[in-house]
Amino acid sequence: MERLAPHKNGPEFSRIIAGAWRWDIAESRVSQLIQKSLEVGITTFDHADIYGDHSIEEIFGNVLKKNPSLRLKMELVTKCGIKFPSAKRPKSWVKHYDTSKEHILWSVDNSLTKLGTDNIDLLLIHRPDPLLNPNEVAEAFVALKKTGKVRHFGVSNFTATQFEMLQHYLPFPLVANQLEISVLNSLALFDGSLDVLMKHKVSPMAWSPLGGGKLLSHDQQKIFSKSQAYGATEAQLALAWLLKHPSSIFPVIGTTNPDRIAESAKAIEIHLEVQDWFEMLKVAQGKEMP
Ligand SMILES: NC(=O)c1ccc[n+]([C@@H]2O[C@H](COP(=O)([O-])OP(=O)(O)OC[C@H]3O[C@@H](n4cnc5c(N)ncnc54)[C@H](OP(=O)(O)O)[C@@H]3O)[C@@H](O)[C@H]2O)c1
(Lines give C-alpha, C1' and ligand atoms only; values in the text may rest on other atoms or scores of the structure.)
Protein backbone atom coordinates (compact mmCIF):
# COMPACT_ATOMS: atom_id res chain seq x y z
CA MET A 1 0.00 0.00 0.00
CA GLU A 2 1.29 3.45 -0.96
CA ARG A 3 2.10 5.70 2.00
CA LEU A 4 1.96 9.45 1.77
CA ALA A 5 2.03 12.49 4.03
CA PRO A 6 -1.13 14.63 3.65
CA HIS A 7 1.17 17.65 4.17
CA LYS A 8 4.97 17.93 4.07
CA ASN A 9 5.01 18.69 7.81
CA GLY A 10 2.47 16.00 8.55
CA PRO A 11 2.35 12.33 9.49
CA GLU A 12 2.73 9.56 6.92
CA PHE A 13 -0.55 7.72 6.35
CA SER A 14 -1.62 4.73 4.30
CA ARG A 15 -3.29 6.04 1.16
CA ILE A 16 -6.48 4.21 2.14
CA ILE A 17 -7.68 4.80 5.69
CA ALA A 18 -9.99 2.54 7.72
CA GLY A 19 -12.88 4.45 9.30
CA ALA A 20 -14.28 3.12 12.57
CA TRP A 21 -17.68 4.90 12.54
CA ARG A 22 -19.57 1.66 11.88
CA TRP A 23 -17.36 -0.51 14.13
CA ASP A 24 -19.93 -0.64 16.91
CA ILE A 25 -19.44 -4.41 16.95
CA ALA A 26 -17.88 -7.08 19.18
CA GLU A 27 -14.28 -6.48 20.24
CA SER A 28 -13.25 -9.75 18.54
CA ARG A 29 -14.59 -8.46 15.20
CA VAL A 30 -12.86 -5.09 15.65
CA SER A 31 -9.67 -7.03 16.35
CA GLN A 32 -10.17 -8.95 13.07
CA LEU A 33 -10.72 -5.71 11.14
CA ILE A 34 -7.56 -4.18 12.60
CA GLN A 35 -5.51 -7.29 11.77
CA LYS A 36 -6.85 -7.47 8.22
CA SER A 37 -6.26 -3.75 7.64
CA LEU A 38 -2.64 -3.99 8.79
CA GLU A 39 -2.13 -7.15 6.74
CA VAL A 40 -3.12 -5.32 3.52
CA GLY A 41 -1.15 -2.17 4.38
CA ILE A 42 -3.98 0.00 5.75
CA THR A 43 -2.25 1.39 8.84
CA THR A 44 -4.28 4.56 9.48
CA PHE A 45 -7.52 4.39 11.51
CA ASP A 46 -10.12 7.15 11.67
CA HIS A 47 -12.11 7.67 14.87
CA ALA A 48 -14.22 10.31 16.60
CA ASP A 49 -15.05 10.71 20.27
CA ILE A 50 -18.76 10.30 19.46
CA TYR A 51 -18.68 7.18 17.23
CA GLY A 52 -21.01 4.43 18.45
CA ASP A 53 -22.47 6.77 21.07
CA HIS A 54 -18.98 7.37 22.50
CA SER A 55 -18.14 3.63 22.60
CA ILE A 56 -15.98 2.75 19.59
CA GLU A 57 -12.71 4.37 20.70
CA GLU A 58 -12.94 2.22 23.83
CA ILE A 59 -13.67 -1.04 21.97
CA PHE A 60 -10.70 -0.29 19.68
CA GLY A 61 -8.56 0.70 22.67
CA ASN A 62 -9.34 -2.60 24.41
CA VAL A 63 -7.86 -4.42 21.42
CA LEU A 64 -4.72 -2.25 21.66
CA LYS A 65 -4.44 -2.79 25.41
CA LYS A 66 -4.37 -6.57 24.85
CA ASN A 67 -1.82 -6.26 21.99
CA PRO A 68 0.30 -3.17 22.82
CA SER A 69 2.65 -3.73 19.86
CA LEU A 70 -0.24 -2.95 17.48
CA ARG A 71 -0.06 0.74 18.37
CA LEU A 72 3.44 0.96 16.89
CA LYS A 73 2.16 -0.32 13.55
CA MET A 74 -0.62 2.25 13.11
CA GLU A 75 -1.54 5.93 12.96
CA LEU A 76 -4.58 7.13 14.90
CA VAL A 77 -6.87 9.95 13.82
CA THR A 78 -9.68 11.16 16.05
CA LYS A 79 -12.08 14.09 16.20
CA CYS A 80 -13.74 16.31 18.75
CA GLY A 81 -16.26 19.12 18.98
CA ILE A 82 -19.70 17.51 18.58
CA LYS A 83 -21.92 17.02 21.62
CA PHE A 84 -25.39 15.45 21.68
CA PRO A 85 -27.88 14.24 24.25
CA SER A 86 -26.98 10.74 25.41
CA ALA A 87 -27.12 8.77 28.63
CA LYS A 88 -23.31 9.06 28.52
CA ARG A 89 -23.45 12.85 28.21
CA PRO A 90 -26.32 13.88 30.52
CA LYS A 91 -25.30 17.55 30.43
CA SER A 92 -26.25 17.94 26.72
CA TRP A 93 -29.92 18.61 25.99
CA VAL A 94 -29.51 19.56 22.35
CA LYS A 95 -27.05 18.55 19.65
CA HIS A 96 -24.44 21.28 19.48
CA TYR A 97 -20.79 22.00 18.83
CA ASP A 98 -18.16 22.88 21.41
CA THR A 99 -14.73 24.01 20.21
CA SER A 100 -13.77 25.77 23.41
CA LYS A 101 -10.21 25.26 24.65
CA GLU A 102 -11.55 23.53 27.75
CA HIS A 103 -13.58 21.02 25.75
CA ILE A 104 -10.86 20.28 23.20
CA LEU A 105 -8.35 19.53 25.99
CA TRP A 106 -10.88 17.41 27.89
CA SER A 107 -11.91 15.50 24.77
CA VAL A 108 -8.31 14.65 23.86
CA ASP A 109 -7.60 13.32 27.37
CA ASN A 110 -10.77 11.26 27.15
CA SER A 111 -9.84 9.86 23.71
CA LEU A 112 -6.32 9.01 24.89
CA THR A 113 -7.70 7.06 27.85
CA LYS A 114 -10.24 5.21 25.74
CA LEU A 115 -7.82 4.41 22.94
CA GLY A 116 -5.22 3.33 25.49
CA THR A 117 -2.47 5.41 23.91
CA ASP A 118 -0.42 8.40 25.01
CA ASN A 119 -0.63 10.27 21.72
CA ILE A 120 -2.91 10.88 18.78
CA ASP A 121 -1.33 11.28 15.34
CA LEU A 122 -3.99 13.65 14.00
CA LEU A 123 -6.79 15.50 15.78
CA LEU A 124 -9.62 16.99 13.71
CA ILE A 125 -12.26 19.55 14.65
CA HIS A 126 -15.24 17.44 13.56
CA ARG A 127 -17.49 20.15 12.12
CA PRO A 128 -17.30 23.91 11.61
CA ASP A 129 -18.69 25.48 14.77
CA PRO A 130 -20.55 28.76 14.20
CA LEU A 131 -19.29 29.85 17.63
CA LEU A 132 -15.68 28.77 16.96
CA ASN A 133 -13.18 31.18 18.49
CA PRO A 134 -9.96 30.70 16.52
CA ASN A 135 -7.78 32.08 19.33
CA GLU A 136 -9.10 29.43 21.71
CA VAL A 137 -8.66 26.63 19.20
CA ALA A 138 -5.10 27.85 18.56
CA GLU A 139 -4.35 27.89 22.30
CA ALA A 140 -5.69 24.36 22.69
CA PHE A 141 -3.72 23.05 19.69
CA VAL A 142 -0.49 24.69 20.87
CA ALA A 143 -0.90 23.21 24.36
CA LEU A 144 -1.61 19.74 22.95
CA LYS A 145 1.40 19.86 20.65
CA LYS A 146 3.64 21.02 23.49
CA THR A 147 2.66 18.12 25.75
CA GLY A 148 2.99 15.66 22.83
CA LYS A 149 -0.58 14.45 23.28
CA VAL A 150 -1.38 15.32 19.65
CA ARG A 151 1.16 15.34 16.83
CA HIS A 152 -0.80 17.07 14.06
CA PHE A 153 -4.05 18.99 13.63
CA GLY A 154 -6.74 19.33 11.01
CA VAL A 155 -10.43 19.93 10.46
CA SER A 156 -13.39 18.18 8.95
CA ASN A 157 -16.32 19.43 6.88
CA PHE A 158 -14.81 22.93 6.73
CA THR A 159 -15.44 25.16 3.72
CA ALA A 160 -12.46 26.72 1.93
CA THR A 161 -13.00 30.00 3.81
CA GLN A 162 -13.37 28.33 7.20
CA PHE A 163 -10.15 26.36 6.57
CA GLU A 164 -8.17 29.47 5.70
CA MET A 165 -9.64 31.47 8.58
CA LEU A 166 -8.55 28.93 11.20
CA GLN A 167 -5.18 28.43 9.50
CA HIS A 168 -4.57 32.17 9.81
CA TYR A 169 -4.58 31.91 13.64
CA LEU A 170 -2.31 28.86 13.93
CA PRO A 171 1.48 28.86 14.29
CA PHE A 172 1.73 25.57 12.33
CA PRO A 173 -0.07 24.19 9.28
CA LEU A 174 -3.36 22.33 9.39
CA VAL A 175 -2.59 19.01 7.68
CA ALA A 176 -6.11 17.79 6.85
CA ASN A 177 -9.68 18.60 5.95
CA GLN A 178 -11.87 15.51 5.98
CA LEU A 179 -14.79 16.02 3.60
CA GLU A 180 -17.59 13.94 2.14
CA ILE A 181 -16.41 13.11 -1.37
CA SER A 182 -17.44 10.40 -3.79
CA VAL A 183 -18.50 10.19 -7.41
CA LEU A 184 -22.06 10.55 -6.02
CA ASN A 185 -21.17 13.59 -3.92
CA SER A 186 -18.55 15.52 -5.87
CA LEU A 187 -19.38 19.05 -4.68
CA ALA A 188 -15.96 19.49 -3.01
CA LEU A 189 -14.34 19.23 -6.45
CA PHE A 190 -16.28 22.23 -7.69
CA ASP A 191 -16.95 24.54 -4.72
CA GLY A 192 -13.34 25.50 -3.93
CA SER A 193 -12.89 23.06 -1.03
CA LEU A 194 -10.24 20.97 -2.81
CA ASP A 195 -8.70 23.98 -4.57
CA VAL A 196 -7.87 25.67 -1.28
CA LEU A 197 -6.32 22.46 0.06
CA MET A 198 -4.17 22.19 -3.07
CA LYS A 199 -3.14 25.82 -2.57
CA HIS A 200 -1.95 24.92 0.95
CA LYS A 201 -0.48 21.59 -0.29
CA VAL A 202 -2.80 19.58 1.97
CA SER A 203 -4.28 16.31 0.74
CA PRO A 204 -7.96 15.87 1.57
CA MET A 205 -9.46 12.89 3.37
CA ALA A 206 -12.70 11.64 1.78
CA TRP A 207 -15.41 10.24 4.03
CA SER A 208 -18.18 7.97 2.71
CA PRO A 209 -16.21 7.23 -0.48
CA LEU A 210 -18.93 4.73 -1.47
CA GLY A 211 -21.68 7.17 -0.52
CA GLY A 212 -22.15 5.16 2.68
CA GLY A 213 -22.91 2.09 0.49
CA LYS A 214 -25.46 3.89 -1.72
CA LEU A 215 -23.06 3.85 -4.66
CA LEU A 216 -23.29 0.07 -4.78
CA SER A 217 -27.08 -0.04 -4.84
CA HIS A 218 -28.85 -1.41 -7.89
CA ASP A 219 -29.88 1.98 -9.31
CA GLN A 220 -26.25 3.22 -9.44
CA GLN A 221 -24.89 0.23 -11.37
CA LYS A 222 -24.56 2.18 -14.64
CA ILE A 223 -21.75 4.25 -13.10
CA PHE A 224 -19.62 1.10 -13.11
CA SER A 225 -20.16 -0.05 -16.69
CA LYS A 226 -16.36 -0.24 -17.19
CA SER A 227 -15.63 -2.38 -14.12
CA GLN A 228 -15.10 -5.56 -16.16
CA ALA A 229 -12.76 -3.74 -18.55
CA TYR A 230 -10.59 -2.78 -15.55
CA GLY A 231 -10.92 -6.22 -13.93
CA ALA A 232 -12.14 -4.30 -10.87
CA THR A 233 -15.11 -4.49 -8.54
CA GLU A 234 -17.50 -1.57 -8.31
CA ALA A 235 -16.16 -0.56 -4.89
CA GLN A 236 -12.61 -0.55 -6.29
CA LEU A 237 -13.65 1.62 -9.22
CA ALA A 238 -15.40 4.08 -6.86
CA LEU A 239 -12.17 4.39 -4.83
CA ALA A 240 -9.99 4.61 -7.96
CA TRP A 241 -12.18 7.55 -9.05
CA LEU A 242 -11.13 9.42 -5.88
CA LEU A 243 -7.50 8.32 -6.07
CA LYS A 244 -7.14 9.89 -9.53
CA HIS A 245 -7.73 13.43 -8.26
CA PRO A 246 -4.48 15.49 -8.31
CA SER A 247 -4.96 16.60 -4.68
CA SER A 248 -4.02 13.01 -3.60
CA ILE A 249 -7.24 12.21 -1.78
CA PHE A 250 -7.09 9.70 1.10
CA PRO A 251 -10.36 7.69 0.95
CA VAL A 252 -11.66 6.77 4.42
CA ILE A 253 -13.48 3.48 3.91
CA GLY A 254 -16.22 2.33 6.27
CA THR A 255 -16.74 -1.39 5.77
CA THR A 256 -17.15 -3.80 8.69
CA ASN A 257 -16.16 -6.74 6.51
CA PRO A 258 -12.52 -7.97 6.44
CA ASP A 259 -12.79 -9.24 2.85
CA ARG A 260 -14.02 -5.84 1.72
CA ILE A 261 -11.08 -4.19 3.47
CA ALA A 262 -8.75 -6.36 1.37
CA GLU A 263 -10.81 -5.60 -1.75
CA SER A 264 -10.59 -1.84 -1.07
CA ALA A 265 -6.82 -1.93 -0.59
CA LYS A 266 -6.41 -3.22 -4.15
CA ALA A 267 -8.10 -0.11 -5.56
CA ILE A 268 -4.72 1.56 -5.37
CA GLU A 269 -3.58 -0.54 -8.35
CA ILE A 270 -6.32 0.76 -10.67
CA HIS A 271 -5.58 3.75 -12.86
CA LEU A 272 -8.66 5.19 -14.50
CA GLU A 273 -8.46 6.71 -17.97
CA VAL A 274 -9.47 10.39 -18.03
CA GLN A 275 -12.53 9.75 -20.19
CA ASP A 276 -13.69 6.88 -17.98
CA TRP A 277 -13.36 9.21 -14.96
CA PHE A 278 -15.57 11.80 -16.66
CA GLU A 279 -17.99 9.14 -17.84
CA MET A 280 -18.52 7.94 -14.26
CA LEU A 281 -19.12 11.53 -13.19
CA LYS A 282 -21.54 12.10 -16.06
CA VAL A 283 -23.61 9.03 -15.18
CA ALA A 284 -23.58 9.89 -11.45
CA GLN A 285 -24.69 13.48 -12.14
CA GLY A 286 -27.13 12.53 -14.88
CA LYS A 287 -25.66 15.17 -17.18
CA GLU A 288 -22.60 15.91 -19.24
CA MET A 289 -19.95 18.39 -18.27
CA PRO A 290 -20.97 21.86 -19.48
N1 LIG B 1 -15.79 13.56 9.25
C2 LIG B 1 -17.07 13.24 9.19
O3 LIG B 1 -17.96 14.08 9.42
C4 LIG B 1 -17.45 11.85 8.82
C5 LIG B 1 -18.79 11.51 8.55
C6 LIG B 1 -19.08 10.20 8.20
C7 LIG B 1 -18.05 9.24 8.14
N8 LIG B 1 -16.77 9.60 8.44
C9 LIG B 1 -15.66 8.62 8.36
O10 LIG B 1 -15.70 7.99 7.11
C11 LIG B 1 -15.70 6.58 7.29
C12 LIG B 1 -16.37 5.93 6.14
O13 LIG B 1 -17.74 6.33 6.02
P14 LIG B 1 -18.81 5.29 5.47
O15 LIG B 1 -18.90 4.12 6.36
O16 LIG B 1 -20.04 6.03 5.16
O17 LIG B 1 -18.03 4.84 4.11
P18 LIG B 1 -18.40 4.02 2.83
O19 LIG B 1 -17.19 3.17 2.57
O20 LIG B 1 -18.89 4.94 1.78
O21 LIG B 1 -19.63 3.09 3.23
C22 LIG B 1 -19.48 1.93 3.99
C23 LIG B 1 -20.79 1.18 3.92
O24 LIG B 1 -20.93 0.61 2.61
C25 LIG B 1 -21.25 -0.77 2.76
N26 LIG B 1 -20.79 -1.55 1.61
C27 LIG B 1 -21.60 -2.22 0.77
N28 LIG B 1 -20.89 -2.87 -0.16
C29 LIG B 1 -19.59 -2.61 0.07
C30 LIG B 1 -18.39 -3.01 -0.56
N31 LIG B 1 -18.36 -3.79 -1.66
N32 LIG B 1 -17.24 -2.56 -0.07
C33 LIG B 1 -17.23 -1.76 1.02
N34 LIG B 1 -18.36 -1.35 1.68
C35 LIG B 1 -19.54 -1.78 1.20
C36 LIG B 1 -20.59 -1.19 4.04
O37 LIG B 1 -21.24 -2.34 4.52
P38 LIG B 1 -20.37 -3.55 5.18
O39 LIG B 1 -19.92 -3.04 6.49
O40 LIG B 1 -21.37 -4.65 5.28
O41 LIG B 1 -19.24 -3.87 4.24
C42 LIG B 1 -20.85 0.03 4.92
O43 LIG B 1 -22.16 -0.01 5.46
C44 LIG B 1 -16.35 6.39 8.65
O45 LIG B 1 -16.02 5.15 9.24
C46 LIG B 1 -15.77 7.53 9.43
O47 LIG B 1 -14.47 7.19 9.88
C48 LIG B 1 -16.45 10.87 8.77
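Residue indices begin from 1 for each chain and proceed along its sequence in written order. Only residues with pLDDT of 70 or above have their local features reported here, since the model is predicted, and side-chain atom pairs are shown and tallied only from 80 upward, although totals for entire chains, interfaces and linings are computed over all residues.

(A) Spatial organisation of the overall build of the protein chain. Under the DSSP-based scheme used, a helix requires at least four consecutive residues in state H or I and a strand at least two consecutive residues in state E, with every element numbered from the N terminus. Across its full length, the protein chain holds 11 helices and 12 strands. With respect to the principal axes defined by its C-alpha atoms, the protein chain has extents near 50 × 40 × 40 Å. Looking at the protein chain residue by residue over its 290 residues, the buried ones come to 41%. What counts as a contact is two residues whose backbone-derived C-beta atoms lie within 7 Å of each other. A sequence separation of at least 24 residues applies to 77% of the contacts in the protein chain between residues at least 6 apart. In this scheme the burial state of a residue depends on its C-beta neighbours within 10 Å: 20 or more other such atoms mean buried, 12 or fewer mean exposed, and anything in between means partly exposed; the C-beta positions come from the backbone.

(B) Inspection of the sheet that holds strand β3 (residues 17-19) at higher detail. Two strands qualify as a pair provided that DSSP identifies no fewer than 2 bridges between them. The 8 strands are arranged β3-β4-β5-β8-β9-β10-β11-β12 in a closed barrel whose pairing can be described as parallel. Going from strand to strand, the sheet's axes swing by 30° on average, the running direction of each strand aside. Pairing geometry for strand β5 (residues 75-80) and strand β8 (residues 120-125), over 4 bridges, is parallel. Paired with Lys 79 across the two strands is Leu 124, which belongs to β8. Axis lines are fitted through C-alpha atoms, for helices just across the contact stretch, and the angle between N-to-C directions can take any value from 0 to 180 degrees.

(C) Region of interest: the nonpolar core. Any set of buried Ala, Val, Leu, Ile, Met, Phe, Trp, Tyr and Cys residues joined through C-beta atoms within 7 Å is what this text calls a nonpolar core. Formed by 78 residues in total, the largest nonpolar core has its most connected members in Ile 17, Ala 18, Leu 123, Leu 174, Val 183, Ala 206 and Ala 238. Per-element tally for this core: the top contributor is helix α9 (residues 234-243), with 8 residues. In contact with Leu 174, other than residues within four places in its own chain, are Phe 153, Gly 154, Val 155, Phe 163, Leu 166, Gln 167 and Val 202.

(D) Just unusual backbone geometry, in detail. Of note, the phi angle at His 54 is positive, near 65°, even though the residue is not glycine. With respect to the element layout, His 54 can be found in helix α2 (residues 51-54). Given 17 C-beta atoms within 10 Å, His 54 falls into the partly exposed group. In this structure, Ser 248 takes a positive phi of about 60° despite not being glycine. With respect to the element layout, Ser 248 can be found in the loop between α9 and β12 (250-253).

(E) Local environment of the environment of Ile 16. You can see Ile 16 is positioned in the loop between β2 (13-14) and β3. Given 27 C-beta atoms within a 10 Å radius, Ile 16 is considered buried. Along the backbone, Ile 16 and Cys 80 are 64 residues apart, and their C-alpha atoms lie at a distance of 22 Å. Those residues in contact with Ile 16 that sit more than four places away from it in its chain are Met 1, Ile 42, Pro 251, Ile 253, Ser 264, Ala 265, Ala 267 and Ile 268.

(F) View of helix α10 (residues 258-265). Of all the residues in α10, the buried ones are Ile 261, Ser 264 and Ala 265. One side of α10 carries all its buried residues, which in axial view fall inside an arc of 100°. Here the arc refers to the set of directions running from the helix axis out to each C-beta atom.

(G) Expanded view of the packing of α9 against α10. Relative to each other, α9 and α10 sit at 45°, their axes nearing to 9 Å. In terms of orientation, α9 lies oblique with respect to α10. Here the hand of the crossing between α9 and α10 comes out right-handed. Contacts between α9 and α10 involve Ala 235, Gln 236 and Leu 239 from the first element and Arg 260, Glu 263 and Ser 264 from the second. Taken together, the residues of the contact of α9 with α10 sort by class into 2 nonpolar, 2 polar and 2 charged. Just so you know how the angles are binned, under 35 degrees is roughly parallel, over 145 roughly antiparallel, 65 to 115 roughly perpendicular, and the rest oblique. For any pair of crossing helices, the crossing counts as left-handed if the nearer helix is rotated counterclockwise from the farther one by less than a right angle, and right-handed if it is rotated clockwise. Residues are grouped as follows: Ala, Val, Leu, Ile, Met, Phe, Trp, Tyr, Cys and Pro are nonpolar; Asp, Glu, Lys and Arg are charged; all remaining types, including Gly, are polar.

(H) A look at the pairing of strand β10 (residues 177-180). Strand direction decides the pairing type here: strand β9 (residues 150-156) and β10, joined by 2 bridges, are parallel. Paired with Val 155 across the strands is Asn 177, a residue of β10. Alignment of β10 against strand β11 (residues 205-207), held across 3 bridges, turns out to be parallel. Looking across to β11, one finds that Leu 179 is bridged to Ala 206. The β-α-β motif built from β10, the intervening helix α7 (residues 193-199) and the parallel element β11 has right-handed crossover chirality. Looking down the strands as they point away from you, a crossover is right-handed if its path from the first strand over the helix to the second goes clockwise.

(I) Spatial organisation of helix α3 (residues 56-66). For α3, every residue scored as buried is listed here: Ile 56, Glu 57, Ile 59, Phe 60 and Gly 61. Looking at the buried side of α3, the elements it contacts are α1 (27-39), α2, β5 and α4 (101-115).

(J) Region of the structure containing the pairing of β8. The buried fraction of β8 is high, at 6 of 6 residues. Alignment of β8 against β9, held across 5 bridges, turns out to be parallel. Within β9, the residue paired with Ile 120 across the bridge is Val 150. Note that the unit made of β8, helix α5 (residues 134-147) and β9 has a crossover that is right-handed.

(K) Here's a closer look at the packing of α1 against α3. Interhelical geometry of α1 versus α3 gives an angle of 70° and a closest axis separation of 9 Å. Looking at the two axes, α1 sits roughly perpendicular to α3. Between α1 and α3, the residues in contact are Glu 27, Val 30, Ser 31 and Ile 34 and Ile 59, Phe 60, Asn 62 and Val 63, respectively. A per-class count over the contact of α1 with α3 returns 5 nonpolar, 2 polar and 1 charged.

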